[in-house]
Amino acid sequence: MSTAMLNNKGIVITRPRAQAQDLVAMLEQRGARLLLFPAIQIEAPENWQSVDHALQSLPQVDWAIFSSRNAVAHALSRAHSLGLAWPQGPRVAAVGRETAKALGEFGIPVDLVPRNFSSEGLLESAELASVQGQRIVIFAGDQGRELLELTLTQRGAAVEKAFCYRRTIPGSNPTPLLHAWARGELDAVTVTSPEIFNNFFQLIGGLGQRWLKRTPIIAISPLTAEAVTAVGLPPPWIAPEASSDGILAALESWAQSLQETAP
């Protein structure tokens, strides 16, 4: 597909700036016009009790599962501040490629990354099918899904959850975004989690919601797409995989469809 497909397309990035770097770089290389409007803020947990306990228990753990890049960054930065080195004991699973890449940046080898980058993908893997009697730690944020914890517990594992970070709604000013919409400068909006979409929908207010109804949305996963349709918006384009590469592929497919339907 031509790299010029997204040239001069106005695209809203709603992911936090630190996590959007790869996507921003790929889109800028393709000539897209980007408007960064982070719709979620990642902060340290109110207390580190669950993380500290999980980190100290790692030598006796069978699996350590990381749910996101944020979980990796916060948990391993905390381990460093406590003077704890990563032990030899646990096998390590990452929910997706970007999470695995973040673990690699800390020098931690990853034993399991599902083909389908999601909690469901992890649960479908043969390695986590028989976990009776095993100890598992899940490093995640607050307000996250409980699917992994509940399913692995049902399979007989002793599961501990470490809350590494919390999500809050940033005080983003939507005025520049609304003005860009009014000038016809926004062609698509990307959303990378249900929380991010719901926050974005709230932050842009009634006027922005009316603009959004006429703007193509690119969702990183079917779960995020469900959040979009739940508020009455048209079905979004869905990335073929939950990653920056997947978002890029969906954006290029959308742009290709514009060319095909152009008179």
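Residues numbered from 1 in each chain as written. Predicted model: local features only at pLDDT ≥ 70, side-chain atom pairs only at ≥ 80, totals over all residues. Heavy atoms only, no water.

Enquirer: Break down the overall build of the chain for me, citing the residues and quoting the values.
Expert: For the chain, the helix and strand inventory stands at 11 helices and 10 strands. Its C-alpha atoms give the chain a radius of gyration of 20 Å, near enough to 18 Å, the size a compact globule of 263 residues would have. Judged by the C-alpha coordinates and their principal axes, the chain covers about 65 × 35 × 35 Å. When each of the 263 residues of the chain is scored for burial, the buried share is 50%. In the chain, the proportion of contacts linking residues at least 24 apart, taken out of those at least 6 apart, comes to 69%. Entry remark: accessible area of the chain is about 12,400 Å², with carbon and sulfur atoms responsible for 50%. (Helix = DSSP H or I, 4+ residues; strand = E, 2+ residues; numbered from the N terminus. Rg over C-alpha atoms; globule rule 2.2 N^0.38 Å. Buried < 20%, exposed > 50% of the residue type's maximum accessible area, 1.4 Å probe, protein only. Contact = heavy atoms within 4.5 Å. Areas by Shrake-Rupley, 256 points an atom, 1.4 Å probe, with all protein chains shown as cover.)

Enquirer: Tell me about the pattern of salt bridges, residues and numbers included.
Expert: What the rule picks out here adds up to 12 salt bridges. Between R78 and D52 there is a salt bridge, with its nearest N and O atoms 2.8 Å apart. Residue R78 is found in helix α3 (residues 69–81), and its partner D52 is found in helix α2 (residues 49–57); the two are separated by 26 residues along the sequence. Across the salt bridge formed by E105 and R69, the nearest N and O atoms sit 3.9 Å from each other. In this pair, E105 sits in helix α4 (residues 97–105) while R69 sits in helix α3, placing the two residues 36 residues apart along the sequence. (Salt bridge = Lys/Arg side-chain N within 4 Å of Asp/Glu carboxyl O.)

Enquirer: Which residues make up unusual backbone geometry, and what values do they have?
Expert: One can expect most non-glycine residues to show negative phi and most peptide bonds to be in trans. Unlike most non-glycine residues, N8 shows phi in positive territory, near 70 degrees. For N8, the location among the structural elements is in the segment before β1 (10–13).

Structural measurements only, silent on function.
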